[in-house]
Amino acid sequence: MIFYFSATGNSRWAALQLAEMLGDRAVDMMKRDPGGYDLTGQTVGLVFPVHAWGVPGPAERFVRKLRGKPSFAYAVATCGAEAGKALEMLSGVFPLDSKYSIVMPDNYIFMLEPETGDAAREKVRAAGPKLRKIAAEVQARRPSEDVERGKLAGLKSGPVHALFTRFACSTRPFYADIRCNGCGLCVSVCPEKSIRLENGKPRWGTRCCQCSACINRCPVEAIQYGKGTRKRGRYRLEALLK
Ligand SMILES: Cc1cc2nc3c(=O)[nH]c(=O)nc-3n(C[C@H](O)[C@H](O)[C@H](O)COP(=O)(O)O)c2cc1C
Ligand code: SF4
Ligand code: SF4
C-alpha cells in the first residue's frame with residue numbers, strides 16, 4: 001500500500017508511478033481514514049512533499065494514526081531542491097527501512113515564482129530513473145537511503161522548520177479577487193478544511209499548512225496571498241505535462 005499527500009500533483013504522480021512499477025495501490029491520505037488500515041506484515045510506502053525541510057502537518061497526523069507493524073516501510077519526499085532531515089522526522093513517527101528524496105518542480109508560490117516551462121519538465125523527466133531505482137529496491141526489500149539533504153540540514157529541519165510552522169502559516173493574507181466564480185474547488189482541496197464559501201466567495205479560517213493547493217489549483221487563478229502573488233504564475237503538475 002502506498003499513501004500519498006499532494007497539493008499540486010508532484011507527490012501524487014510519484015506515488016502513482018511507484019504503484020504502477022510495483023503492482024501496488026496508491027491512495028490519497030486526505031481521502032482515507034488512517035484508522036481503517038491494519039498494516040501488519042505489509043510493504044508500506046509514504047510519499048509527501050517537503051515543507052520547509054519538514055513533513056506537512058496533515059501528512060504527519062495521518063501517519064501517526066496508522067496501525068500495525070509493516071514488514072517493510074519506505075518513504076519518498078518530493079522537493080524542489082533539498083529535503084533536509086524531513087525523512088528522519090517522519091521516521092521518528094513511523095519507522096522507515098528506506099528513505100528517498102526526489103527533486104521535482106518547486107510549487108512554493110508564497111515567496112517565489114513557481115517553476116514552469118522546460119526546466120520544470122526536465123526535473124520531472126529526471127525523476128523517472130530514480131523512481132525506477134526506488135521501485136527495484138523496494139521490490140527486493142533492500143533497505144536504502146538516497147536523500148538530497150542539502151547543507152545545514154539539522155538547522156533547517158529543526159529551528160527553521162519550527163519557526164515556519166509557528167509564524168509562516170498564516171491565512172490572513174489570503175483573498176479571492178474578482179475572477180472568483182464561486183466554484184468551491186478551493187474548499188474541497190484544502191487538507192486543513194480551513195476554507196468555506198460565504199456568499200459565493202471563499203473565506204479562510206485559521207488553520208493552514210501552506211500546502212499551496214488552494215492558490216495553485218484555483219481554475220481561474222483568483223486566489224492571492226498578499227500582493228506578491230498577483231504577477232506570479234501558478235503550478236500544477238497536470239498543467240505542466242499537458
Ligand atoms: C510551504 C512549502 C514549503 C516548501 N519547502 C521546501 C523545502 O524546504 N525544500 C524544497 O526543496 N522544496 C520545498 N517546497 C517545494 C515542494 O516540496 C515541492 O514542490 C513538492 O514536490 C510539491 O509536491 P506536491 O505537488 O505533491 O504538493 C516547499 C513547498 C511549499 C508549498
Ligand atoms: S477555486 Fe477559485 S474560483 Fe473556485 S471558489 Fe475558490 S477562489 Fe473562487
Ligand atoms: S488554506 Fe490553502 S494553503 Fe492553507 S492548507 Fe488550505 S489549501 Fe493549503
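Residues numbered from 1 in each chain as written. Chains lettered and ligands numbered in written order. Predicted model: local features only at pLDDT ≥ 70, side-chain atom pairs only at ≥ 80, totals over all residues. Heavy atoms only, no water.

(A) Quick look at the layout of surface pockets. Its boundaries defined by the atoms lining it, the largest pocket holds a volume of some 680 Å³. Taken together, 27 residues form the lining of the largest pocket, with Ser6, Ala7, Arg12, Asp28 and Arg217 sitting closest to its centre. Mapped onto the lining of the largest pocket, the elements with two or more residues apiece are α1 (10–22), α6 (185–189), α7 (213–217) and α8 (237–240). Considering each element in turn, the lining of the largest pocket owes the most residues, four residues, to α6. (1 Å grid on protein atoms, 1.4 Å probe; cavity = no way out; pocket = protein on both sides within 12 Å on 5 of 7 lines; lining within 4 Å. Points joined across faces, edges and corners; volume = space filled by probe spheres on them. Helix = DSSP H or I, 4+ residues; strand = E, 2+ residues; numbered from the N terminus.)

(B) Region of interest: the pattern of salt bridges. Per the stated rule, a full pass over the model turns up 17 salt bridges. The partner of lysine 156 in a salt bridge is glutamate 82, with the nearest N and O atoms 2.6 Å apart. In this pair, lysine 156 is assigned in helix α5 (residues 153–168) and glutamate 82 in the loop between β4 (72–79) and α3 (86–93), connecting sequence segments 74 residues apart. Judged by relative accessible area, glutamate 82 falls into the partly exposed class, the value being 22%. Across the pair glutamate 145 and lysine 99 runs a salt bridge whose closest N-O atoms are separated by 3.3 Å. Within this pair, whereas glutamate 145 is found in strand β6 (residues 145–146), its partner lysine 99 is found in strand β5 (residues 98–103), the two being separated by 46 residues in sequence. When salt bridges with common partners are traced through the structure, they connect Glu88, Lys99, Glu145 and Arg149 into a single cluster. (Salt bridge = Lys/Arg side-chain N within 4 Å of Asp/Glu carboxyl O. Buried < 20%, exposed > 50% of the residue type's maximum accessible area, 1.4 Å probe, protein only.)

(C) Up close: the site of ligand 1. Around ligand 1, the structure places 24 residues, and the nearest of them are Ser6, Thr8, Ser11, Val50 and Ala81. A distance of 2.7 Å separates an oxygen atom of ligand 1 from a polar backbone atom of valine 50. Here an oxygen atom of ligand 1 sits 3.1 Å away from a polar atom, N or O, in the main chain of asparagine 107. Expressed as a share of its isolated accessible area of 650 Å², the protein-covered part of ligand 1 is 96%. Comparing atom positions with the cavity grids shows ligand 1 to sit within the second largest pocket. (Near = heavy atom within 4 Å. Polar contact = N/O pair within 3.5 Å; in protein donor to acceptor, adjacent residues only side chain to side chain. Areas by Shrake-Rupley, 256 points an atom, 1.4 Å probe, with all protein chains shown as cover. Sits in = over half its atoms within 2 Å of the grid points.)

(D) Here's a closer look at the pairing of β5. Buried residues dominate β5, accounting for five of its six residues. Where β4 meets β5, six bridges bridge the pair, whose relative direction is parallel. Note on β5: the bridge partner recorded for alanine 77 is serine 101. Handedness of the crossover joining β4 and β5 through α3: right-handed. Pairing geometry for β5 and β6, over two bridges, is parallel. Looking across to β6, one finds that tyrosine 100 is bridged to aspartate 146. Where the polypeptide runs from β5 across helix α4 (residues 117–139) and back to β6, its parallel neighbour, the crossover connection is left-handed. (Pairing = 2+ DSSP bridges. Right-handed = clockwise from strand over helix to strand, strands pointing away.)

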